[in-house]
Amino acid sequence: MSKLAFTPRHYPATRLRRPRAQTWSRNLMRETRLSPDDLIWAIVLKDGKGVKEPVDHMNGVFRLSPDEAVKAAQEARALGINALALFPYTDRGQRSADGAEALNSDNLMCRTAKAIKDAVPDVGLICDVALDPYTDHGHDGLMQDGIILNDETVEVLCRQAVVQAEAGFDIVAPSDMMDGRIGKIREALDGAGLGDRQIMSYAVKYASCFYGPYRGAIGSGDLLKGDKKTYQMDPANADEGLHEVALDLAEGADSVMVKPGMPYLDMITRVKQTFGVPTYAFQVSGEYAMIAMAGDAGAINRDQAILESLVCFRRAGADGIISYFAKEAAELMT
Ligand code: PBG
């Protein structure tokens, strides 16, 4: 991002409409670009075979069984999308207070990662490190007397990250917001001979209502007790987010994320300008729902809104965007 030199300029010698007059000229002076290279496709999984089940409030998003996820990975790759971020729907029967299913090396996430890597070895696979898809209370960590335990949770997350990396995930993305987890997960991966796996930290993650449709998609919606404000950030805070990023980088994060995306574009810019590290934005489920619903209702143009929202992440400074729209957007770009 460049600094604008504000030497005095005056109309009529200066007319900013002049270079906007033709398509070729607008193309030439475009400052940021969006391509499928920049997109990470967020996909929700569900056990079974041939499952393609619509997700509430997210017209165009489906829970996919592992075989369908393999097909999706092939389609994504053909469109030039580099990586997928997978999220598991887990029904009540497989959930428990301690989220033990997270450590099952044969769980839905691990089986799907193996299947995708067998069929499409050159697609990047990203997974959340957090317990919320597996706990019966819907929280990201272990809970005791209504308190989310930090260090005890981090120990479990380290084991979860190793299980996921062994299954084939290339990037583990801790989304839990426990203190100190990046350093411990780095140590655990290195100790398990998985030193080549990246950590993408959900560093600037807010306690946001925009996650609503996602919680329904993974089966946590009705289960969540209380809120996540003791670990996720207050939407009113900005400096605290930079503090989070500084800690996660010092602990060994390869890249950082700002989440949600669109209401927090300022944070993307500040993180990128302050640290100059690979910075990703998550266009979360509620953002998807707003654009999809307004588009499908005819209030806005769905296709244009998808592409405009995504290029704005790039303008703000994001190197890449995790989005449920990734495939649809890549199709619009070809
Ligand atoms: C939880 C997690 C959440 C999302 C990704 N990982 C929700 C939450 O923190 O409750 C949200 C994704 C979305 O809304 O699309 N570890």
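Residues numbered from 1 in each chain as written. Predicted model: local features only at pLDDT ≥ 70, side-chain atom pairs only at ≥ 80, totals over all residues. Heavy atoms only, no water.

When helices and strands are tallied, the protein shows eleven helices and twelve strands. Taking 2.2 N^0.38 as the reference for a compact globule, 334 residues should give roughly 20 Å; the C-alpha atoms of the protein span a radius of gyration of 20 Å, in line with that estimate. Taken along the three principal axes of its C-alpha coordinates, the protein extends 70 × 45 × 40 Å. The buried share among the 334 residues of the protein stands at 52%. Of the contacts formed within the protein by residues at least 6 apart in sequence, a portion of 76% connects residues at least 24 apart. (Helix = DSSP H or I, 4+ residues; strand = E, 2+ residues; numbered from the N terminus. Rg over C-alpha atoms; globule rule 2.2 N^0.38 Å. Buried < 20%, exposed > 50% of the residue type's maximum accessible area, 1.4 Å probe, protein only. Contact = heavy atoms within 4.5 Å.)

Per the UniProt record, "active site" (unreviewed entry) is found at K205 and K259. Sequence-wise these annotated residues cover 55 residues; spatially they are packed, their C-alpha atoms never more than 4.9 Å apart. Within the secondary structure, K205 sits in strand β9 (residues 198-205). When near neighbours in sequence (up to four residues on either side) are disregarded, K205 contacts D140, S175, M177, Y211, Q232, M233 and K259. Along the chain, the position of K259 falls in strand β10 (residues 255-259). With residues near it in sequence (within four places) discarded, K259 still touches Y202, V204, K205, Y206, Y211, F282 and V284. (UniProt positions renumbered as here; feature names shortened; annotations may be inferred.)

Across its twelve residues, helix α9 (residues 285-296) extends 16 Å between first and last C-alpha, which sits within 8% of the 16 Å expected from 1.5 Å per residue. Among the structural elements, α6 (212-218), β11 (279-283), α10 (302-316) and α11 (326-333) are those in contact with the buried residues of α9. Just past α9, the residue G298 takes up positive phi, approximately 85°. (Expected span 1.5 Å × (residues − 1).)

Another aspect to go through is the packing of aromatic side chains. All chains considered together, the criterion is met by seven aromatic pairs. Measuring from ring centre to ring centre gives 6.2 Å for Y202 and F282, while their planes differ by 45°; the resulting arrangement is tilted. Note that Y202 is positioned in strand β9 and F282 in strand β11, a separation of 80 residues in sequence. Of the two residues, Y202 and F282, neither departs from the other in class, the shared state being buried. Arranged with centres 4.2 Å apart and planes meeting at 20°, the rings of Y206 and Y264 form a pair that is stacked. (Phe/Tyr/Trp six-rings, centres within 6.5 Å; stacked < 30°, edge-to-face > 60°.)

Below, the discussion takes up a nonpolar patch on the surface. On the surface, W24, L28 and M29 cluster together into a nonpolar patch covering about 390 Å² of accessible area. Here M29 is to be found in the loop between α1 (23-28) and β1 (39-45). (Patch = residues over 30% accessible without salt bridge, like charges linked within 9 Å, V, L, I, M, F, W, Y side chains within 5 Å. Areas by Shrake-Rupley, 256 points an atom, 1.4 Å probe, with all protein chains shown as cover. Salt bridge = Lys/Arg side-chain N within 4 Å of Asp/Glu carboxyl O.)

In an α-helix there are 3.6 residues to a turn, and that puts residues three or four apart on one side. Between its first and last C-alpha atoms helix α3 (residues 108-119) spans 17 Å; for twelve residues at 1.5 Å apiece the expected length is 16 Å, and the two agree. Those residues of α3 not exposed but buried are L108, M109, C110, T112, A113, I116 and K117. Looking at the buried residues of α3, the elements they touch are β1, α2 (66-78), β4 (83-88), β5 (124-129) and α4 (151-167).

Low pLDDT marks regions whose predicted coordinates should not be analysed in detail. Here the protein averages 97 in pLDDT, and 99% of its residues register 70 or above. No element of the protein has a lower mean pLDDT than α6, which averages 97, and none a higher one than strand β12 (residues 320-323), which averages 99. (pLDDT = per-residue confidence, 0-100.)

Following the criterion strictly, the structure yields 20 salt bridges and no others. The closest approach of N and O atoms between R111 and D47, which form a salt bridge, is 2.9 Å. One end of the pair, R111, is in helix α3; the other, D47, is in the loop between β1 and β2 (52-54), with 64 residues separating them in the sequence. With a shortest N-O distance of 3.1 Å, R181 and D176 are connected by a salt bridge. We note that R181, like D176, is buried. Linked through salt bridges whose partners overlap, the residues forming this network are K46, E53 and R63.

For the rest of this paragraph, the subject is the nonpolar core. The nonpolar side chains of a soluble globular protein tend to be buried, and buried together. Core analysis: the largest hydrophobic core is formed by 105 residues, its most contacted members being L84, I116, I185, L189, M200, V204 and Y324. Beyond its immediate sequence surroundings of up to four residues, M200 is in contact with I40, I126, I171, V172, A173, P174, S255, M257, Y280 and I322. (Core = buried A, V, L, I, M, F, W, Y, C linked by side-chain atoms within 4.5 Å.)

What follows deals with a positive patch on the surface. Residues R15, R17, R18 and R20 make up a contiguous surface patch of positive charge. The exposure class assigned to R20 is partly exposed, which follows from its relative accessible area of 46%. (Lys, Arg positive; Asp, Glu negative; His and termini not counted. Charge placed at Lys NZ, Arg CZ, Asp CG, Glu CD.)

To continue, consider the packing of α10 against α11. Packing of α10 against α11 brings their axes to within 10 Å, and their N-to-C directions diverge by 100°. Of the possible angle classes, the one that applies to α10 and α11 is roughly perpendicular. The residues of α11 that touch α10, namely those facing R302, D303, I306, L307 and L310, are E328, A329, L332 and M333. Taken together, the residues that form the contact of α10 with α11 break down as six nonpolar, no polar and three charged. (Axes fitted to C-alpha atoms, helices over the stretch in contact; angles between N-to-C directions. Parallel < 35°, antiparallel > 145°, perpendicular 65-115°, else oblique. Nonpolar A, V, L, I, M, F, W, Y, C, P; charged D, E, K, R; others polar.)

The alternating pattern of β12 places G320 and I322 on one face and I321 and S323 on the opposite face, and all of these are buried. Pairing between β1 and β12: three bridges, direction parallel. Counterpart to W41 in the pairing with β12 is S323. Pairing of β11 with β12, which is carried by four bridges, proceeds in the parallel orientation. Across the sheet, F282 pairs through a bridge with I322, a residue of β12. (Pairing = 2+ DSSP bridges.)

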